[in-house]
Amino acid sequence: MGTVLDSHFLALTAIVTVGYQLLFFVITALLKFDKVTDFAGSSNFIILAVLTLVLKGTWHFRQVVLSFLVVTWGLRLGLFLLLRILQWGEDRRFDEMRSNLGKLAVFWIFQAVWVWTVSLPVTVVNGIDRDPSVQAADIIGWIMWSVGVSFEATADQQKLTFKNAPENRGKWCNVGLWNISRHPNYFGEILLWWGIFVASTPVLEGSEWLVILGPIFLTLLLLFVSGIPLLEQSADKKFGNVAAYRVYKRTTSPLIPLPPAVYRSLPSWFKSVLLFEFPFYSRNLPEEGST
């Protein structure tokens, strides 16, 4: 391979990703066992980061650092989600898929696309020879990753602790970071992957800048598809008639952490345009006063 990324390198990562997800699809379909779903996704990121680093074999400092960041994130999230689902039982996302092979296959295909696309920044960095010295973008990206992973890990643990407390049964989580963001874990995940992209920019040239599709895809996914919309819908159906929940939703930022007093005072257009408070997040919220 020269200084330009070899297209065969990307093709290999795509084959590995599809094969790995196909393996878990077969396990899920045959055994009706869906407890490894999130682990399969998180561990796939680890495999891609390590595989591309080892196959290229240049072991540049930037490559090692970015691979380490991805592996650290993947291990933490994968183990957390695996232990959580083993504790909680079945994954309710699969209630309608277990008997529908087509829907199940679509899910696993989409998960493969998610892993491969979001991994693009580290995959490309690991696949090229250019190795400029550490720049400001590297430091900024590493800091973004550190803040993001800290937010995600803290939010996950706070919610798990809240849910496991018997006195909180049937309540929504509004403690710690969940008091300044309705989805602080997603804020952390989006921030850390944008950090990975920023830290990859010193080596990018020409079409390699298309790796920005990775964090863009993740952001759009969480904002509009399988992240915030589904959780908002579920919470609104459960707690929509609870006055305190309606106050919480009205005064708490959906994603970007802000003190409730500040968020409450902002105009609606500002919230929608800059803070992602989209109207469809509340389309399942019952009319006030309804039962």
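About the cut-offs
- Throughout this document, residue positions are counted from 1 along each chain, in the order its sequence is written.
- Only residues with pLDDT of at least 70 get local features here, since the model is predicted, and only at 80 or more are side-chain atom pairs given and counted; chain-wide, interface and lining totals rely on the full set of residues.
- In computing side-chain values, all of the structure's heavy atoms are included and hydrogens and water are not.
- Helix numbers and strand numbers start at the N terminus; a helix is a DSSP run of H or I with at least 4 residues, a strand a run of E with at least 2.
- Only C-alpha atoms enter the radius of gyration; for comparison, a globular chain is expected to reach 2.2 Å times N to the power 0.38, where N is the number of residues.
- A contact between two residues is defined here by any heavy atoms of the two lying within 4.5 Å.
- Surface accessibility in these figures is a Shrake-Rupley result with a 1.4 Å probe; residues are shielded only by whichever protein chains are displayed.
- When charges are tallied, Lys and Arg are placed among the positive residues and Asp and Glu among the negative ones, while His and the ends of the chain are skipped.
- Charged groups are reduced to one reference atom each: NZ for lysine, CZ for arginine, CG for aspartic acid, CD for glutamic acid.
- For every element, the axis is a line fit to its C-alpha atoms; helices are fit only across the contacting stretch, and the angle between N-to-C directions ranges from 0 to 180 degrees.
- Orientation categories follow fixed angle ranges, with anything under 35 degrees roughly parallel, anything over 145 roughly antiparallel, 65 to 115 roughly perpendicular, and all other angles oblique.
- A clockwise turn of the near helix away from the far one marks a right-handed crossing, whereas an anticlockwise turn of less than a right angle marks a left-handed crossing.
- Side-chain classes follow a simple rule in which Ala, Val, Leu, Ile, Met, Phe, Trp, Tyr, Cys and Pro form the nonpolar group, Asp, Glu, Lys and Arg form the charged group, and the remainder, Gly included, forms the polar group.
- How far a helix is expected to stretch is found by multiplying one less than its residue total by 1.5 Å.
- For every residue, the accessible area (1.4 Å probe, protein chains only) is compared with the maximum for its type, and the residue is labelled buried under 20%, exposed over 50%, or partly exposed between those bounds.
- The criterion is simple. A nonpolar core is a set of buried Ala, Val, Leu, Ile, Met, Phe, Trp, Tyr and Cys residues joined through side-chain atoms within 4.5 Å.
- UniProt positions are given in the numbering used here, feature names are shortened, and annotations may be inferred rather than shown by experiment.
- Nonpolar side chains (Val, Leu, Ile, Met, Phe, Trp, Tyr) within 5 Å and like charges within 9 Å form the patches, drawn only from residues with over 30% relative accessible area and no salt bridge.
- The term salt bridge refers to a side-chain nitrogen of Lys or Arg lying within 4 Å of a carboxyl oxygen of Asp or Glu.

Engineer: Looking at this model, I keep getting lost on the overall build of the protein chain. Mind explaining?
Structural biologist: When helices and strands are tallied, the protein chain shows twelve helices and zero strands. Compactness check: the protein chain gives a C-alpha radius of gyration of 20 Å against a globular reference of 19 Å for 291 residues, within 12% of the reference. At a minimum sequence separation of 6, the contacts of the protein chain that also span at least 24 residues come to 77%. Total accessible area on the protein chain stands at roughly 14,100 Å², and carbon and sulfur atoms take up 69% of it. Charge separation in the protein chain, taken as the distance between the mean sites of 24 positive and 21 negative side-chain charges, equals 9 Å.

Engineer: Looking at this model, I keep getting lost on the packing of helix H1 (residues 7-31) against helix H2 (residues 37-56). Mind explaining?
Structural biologist: Each pair of packed helices gets described by two things: the angle between the helix axes and the distance between those axes. Put simply, H1 and H2 touch, their axes get as near as 10 Å, and they point 150° apart. Between H1 and H2, the angle falls in the class roughly antiparallel. Crossing geometry of H1 relative to H2 is assigned as right-handed. The segment H1 lies against H2, with Phe-9, Leu-12, Thr-13, Val-16, Thr-17, Tyr-20, Gln-21 and Phe-24 engaging Ala-40, Gly-41, Ser-43, Asn-44, Ile-47, Leu-48, Leu-51, Thr-52, Leu-55 and Lys-56. Looking at the contact of H1 with H2 residue by residue, the classes come out as ten nonpolar, seven polar and one charged.

Engineer: What is the right way to look at helix H7 (residues 184-200) in this model?
Structural biologist: Three- or four-residue spacings in an α-helix give side chains the same orientation, since the helix completes a turn every 3.6 residues. Here H7 spans 25 Å end to end across 17 residues, near enough to the 24 Å set by a 1.5 Å rise per residue. Of all 17 residues making up H7, 16 are buried, and the element is well covered by its neighbours.

Engineer: In this structure, what is going on with the packing of helix H3 (residues 61-88) against helix H6 (residues 136-164)? I would like to understand it.
Structural biologist: The interhelical angle for the contact between H3 and H6, taken along N-to-C directions, is 10°, at an axis separation of 12 Å. Taken as axis vectors, H3 and H6 run roughly parallel relative to one another. For the contact of H3 with H6, the residue count by class is 13 nonpolar, four polar and seven charged.

Engineer: Just to check I follow, could you spell out unusual backbone geometry for this structure?
Structural biologist: The bulk of non-glycine residues show a negative phi, and the bulk of peptide bonds are trans. With a phi angle near 55°, Trp-59 is a residue other than glycine that sits in the positive phi range. Within the fold, Trp-59 resides in the loop between H2 and H3. For Phe-276, which is not glycine, the phi dihedral falls at a positive 65°. Relative to the elements of secondary structure, Phe-276 occurs in the segment after helix H12 (268-274). Of the residues examined, Phe-276 reaches a relative accessible area of 24% and is grouped as partly exposed.

Engineer: Help me out: how do you make sense of the nonpolar core in this one?
Structural biologist: The nonpolar side chains of a soluble globular protein tend to be buried with one another. Ranked by size, the top nonpolar core spans 61 residues in total, and within it Phe-45, Leu-66, Trp-73 and Trp-193 carry the most contacts. Per element, the largest residue contribution to this core is ten residues, and it comes from H7. Filtering out sequence-adjacent residues up to four positions away, Leu-66 remains in contact with Val-122, Val-125, Trp-142, Ile-196, Ala-199 and Ser-200. In this structure, Tyr-20, Phe-24, Ala-29 and Ala-40 belong to the second largest nonpolar core, which totals nine residues.

Engineer: What exactly am I supposed to notice about the UniProt feature "transmembrane region" (unreviewed entry) in the protein chain here?
Structural biologist: UniProt records the feature "transmembrane region" (unreviewed entry) for residues 12-31, 43-59, 65-83, 104-128, 186-204 and 210-231 in the present numbering. Helix makes up 100% of residues 12-31 and strand 0%. Its end C-alpha atoms lie 29 Å apart. A distance of 30 Å separates the end C-alpha atoms of residues 210-231, which is 77% helix and 0% strand.

Engineer: Help me out: how do you make sense of the side chain of Ser-253 in this one?
Structural biologist: With respect to the helices and strands, Ser-253 occurs in the loop between helix H10 (243-251) and helix H11 (260-265). In contact with Ser-253, other than residues within four places in its own chain, are Ile-180, Ser-181, Arg-182 and Tyr-263.

Engineer: So what exactly am I meant to see when it comes to a nonpolar patch on the surface here?
Structural biologist: Together, Phe-110, Leu-210, Leu-213, Ile-216, Leu-220, Phe-224 and Val-225 line one region of the surface with nonpolar side chains, adding up to about 610 Å² of accessible area. As for its position among the elements, Phe-224 is in helix H8 (residues 213-225).

Engineer: Before we go on, may I ask you to explain the pattern of salt bridges in this structure?
Structural biologist: Any two side chains of opposite charge can pair, given that their charged atoms come close. This structure, assessed with the given rule, holds eleven salt bridges. Three or more residues joined by partner-sharing salt bridges are found here, namely Arg-182, Glu-232, Asp-236, Lys-249 and Glu-277.

Engineer: I tried to follow helix H4 (residues 101-118) on my own but got confused; where do I start?
Structural biologist: Over its 18 residues, H4 runs 26 Å from end to end, which matches the ideal 26 Å to within 8%, given 1.5 Å per residue. Residues of H4 that are buried: Leu-104, Phe-107, Trp-108, Gln-111, Ala-112, Trp-114, Val-115, Thr-117 and Val-118. Packed against the buried residues of H4 are H1, H2, helix H5 (120-127), H7 and H8.

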